[in-house]
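# Chain and residue survey
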Amino acid sequence: MMKPTKKSPSTSSSFADFMNNASATKKKKVYKTVMRRVSEQQQAIVDRANNTAA
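Residues numbered from 1 in each chain as written. Predicted model: local features only at pLDDT ≥ 70, side-chain atom pairs only at ≥ 80, totals over all residues. Heavy atoms only, no water.

## Digging into the overall build of the protein
Rule in force here: Here a helix means four or more residues in a row that DSSP labels H or I, a strand means two or more in a row labelled E, and each is numbered from the N terminus. Accessibility here uses a 1.4 Å probe with only protein chains present; expressed as a share of the type maximum, an area under 20% marks a residue as buried, one over 50% as exposed, and anything in between as partly exposed. Exposure was quantified through the Shrake-Rupley algorithm and a 1.4 Å probe, taking into account, for residues, occlusion by the shown protein chains and nothing else.
Regarding its fold elements, the protein presents two helices and zero strands. The buried share among the 54 residues of the protein stands at 2%. As presented, the protein carries roughly 5600 Å² of accessible surface, and 58% of it is formed by carbon and sulfur atoms.

Laid out in structure tokens, this is it:
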């Protein structure tokens with residue numbers, strides 16, 4: 001029986017490089033920043049929907 005082989009991408013993105021090489025602290029900082037921005041965007045959408053419905 002043959003072992004499955006893992007294909008390696010011919011090119012990698014800067015995001016993939018970051019995820020493979022960054023420290024846990026740096027990854028956590030990026031994650032927190034992304035989640036904060038997404039939360040702000042979602043809140044803006046909810047606010048606009050509430051203002052439209054009022």
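Structure's up, so let's keep going.
## Some points on a nonpolar patch on the surface
The following threshold applies: Like charges are joined within 9 Å and nonpolar side chains (Val, Leu, Ile, Met, Phe, Trp, Tyr) within 5 Å, but only among residues with over 30% relative accessible area and no salt bridge; these make up the patches. The working definition used for a salt bridge is a side-chain nitrogen of Lys or Arg within 4 Å of a carboxyl oxygen of Asp or Glu.
A grouping of Val30, Tyr31, Val34, Met35 and Val38 is seen on the molecular surface, where their side chains present a nonpolar patch of about 420 Å² in accessible area. Secondary-structure assignment places valine 34 in helix H2 (residues 24-53). You can call valine 34 partly exposed: its relative accessible area is 44%.

## Overview of the pattern of salt bridges
The tally for this structure, following the rule as stated, stands at one salt bridge. One salt bridge connects glutamate 40 with arginine 36, and the closest N-O pair in it is separated by 3.3 Å. On the criterion of helical spacing, the pair formed by glutamate 40 and arginine 36 is a turn pair, its members being four residues apart in helix H2. Classification of glutamate 40 as partly exposed rests on a relative accessible area of 47%.

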